[in-house]
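So you can see what is in the structure, the chains are spelled out below.
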Amino acid sequence: MNESVQLPFWLELSVAALLLFGSLFALIGAIGLVRLKDYFQRMHPPALASTIGAWCVALASILYFSALKQSPVLHAWLIPILLSITVPVTTLLLARAALFRKRTSGEDVPDEVSSGRDRGN
């Protein structure tokens with residue numbers, strides 16, 4: 001029952017390259033998290049790198065398991081799609097919470113940006 005499927009070399013190379021790129025993006029995000037000096041700068045590299053890295057790993061998974069089963073296996077796209085939706089929203093909410101916290105503690109931060117209706121026009 002355990003049949004061994006020989007995958008083409010170009011496919012193995014593509015999967016390996018995508019996994020390498022995904023891990024490289026994760027490493028870049030981790031380095032950015034450690035090296036940047038304040039919270040607002042540190043929040044961007046992991047968010048961007050994890051999303052791009054997840055797309056690379058999901059594509060590698062789709063290629064590998066589609067070739068193994070000899071039919072399309074697309075359910076792995078669900079993870080990067082959900083990450084692409086939730087990571088920017090979470091990053092925005094964390095940035096707003098940190099900015100609110102700085103404002104309430106009396107630190108010097110930029111003023112709030114008001115919309116055109118609040119100007120008394």
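Residues numbered from 1 in each chain as written. Predicted model: local features only at pLDDT ≥ 70, side-chain atom pairs only at ≥ 80, totals over all residues. Heavy atoms only, no water.

Going by an unreviewed UniProt entry, the protein carries the name Na+/H+ antiporter subunit G and comes from Pseudomonas mosselii.

Novice: Help me get a handle on the overall build of the protein, residues and values and all.
Specialist: Helices and strands together make up the secondary structure of the protein, namely four helices and zero strands. Moving toward the C terminus, one meets the helices and strands of the protein in the order α-α-α-α. Radius of gyration (C-alpha) of the protein: 21 Å, far over the 14 Å computed for a compact globule of 121 residues. Overall, the C-alpha framework of the protein stretches about 70 × 35 × 25 Å when taken along its three principal axes. Counting all 121 residues of the protein, 22% fall into the buried class. In the structure as shown, the protein presents an accessible area of about 9,300 Å², 67% of it carried by carbon and sulfur atoms. Charged side chains in the protein number 10 positive and 8 negative. The centres of these two groups are separated by 3 Å. (Helix = DSSP H or I, 4+ residues; strand = E, 2+ residues; numbered from the N terminus. Rg over C-alpha atoms; globule rule 2.2 N^0.38 Å. Buried < 20%, exposed > 50% of the residue type's maximum accessible area, 1.4 Å probe, protein only. Areas by Shrake-Rupley, 256 points an atom, 1.4 Å probe, with all protein chains shown as cover. Lys, Arg positive; Asp, Glu negative; His and termini not counted. Charge placed at Lys NZ, Arg CZ, Asp CG, Glu CD.)

Novice: Before we move on, could you go through the packing of helix α1 (residues 9-35) against helix α3 (residues 44-69) and cite the residues and values that matter?
Specialist: Closest axis-to-axis distance for the α1/α3 pair is 8 Å, and the angle between their directions is 165°. In terms of orientation, α1 lies roughly antiparallel with respect to α3. Crossing of α1 over α3 shows left-handed handedness. The residues of α3 that touch α1, namely those facing L11, S14, V15, L18, L19, F21, G22, F25, G29, G32 and L33, are P45, P46, A49, I52, G53, C56, V57, L59, A60, L63, Y64 and A67. Taken together, the residues of the contact of α1 with α3 break down into 18 nonpolar, five polar and no charged. (Axes fitted to C-alpha atoms, helices over the stretch in contact; angles between N-to-C directions. Parallel < 35°, antiparallel > 145°, perpendicular 65-115°, else oblique. Left-handed = near helix turned anticlockwise from the far one by under 90°. Contact = heavy atoms within 4.5 Å. Nonpolar A, V, L, I, M, F, W, Y, C, P; charged D, E, K, R; others polar.)

Novice: Tell me about a nonpolar patch on the surface, and name the residues and values.
Specialist: Taken together, the side chains of F21, L24, L27, I28 and I31 define a hydrophobic patch exposed on the protein surface, amounting to about 470 Å² of accessible area. Position of L24 among the secondary structure elements: in helix α1. (Patch = residues over 30% accessible without salt bridge, like charges linked within 9 Å, V, L, I, M, F, W, Y side chains within 5 Å. Salt bridge = Lys/Arg side-chain N within 4 Å of Asp/Glu carboxyl O.)

Novice: Mind laying out α1, listing which residues take part and the relevant values?
Specialist: With 27 residues, α1 extends 38 Å from end C-alpha to end C-alpha; this agrees with the ideal 39 Å at 1.5 Å per step. Restricting attention to buried positions, one finds in α1 the residues L11, V15, L18, G22, G29 and G32. For α1, the elements touching its buried residues are α2 (39-42) and α3. (Expected span 1.5 Å × (residues − 1).)

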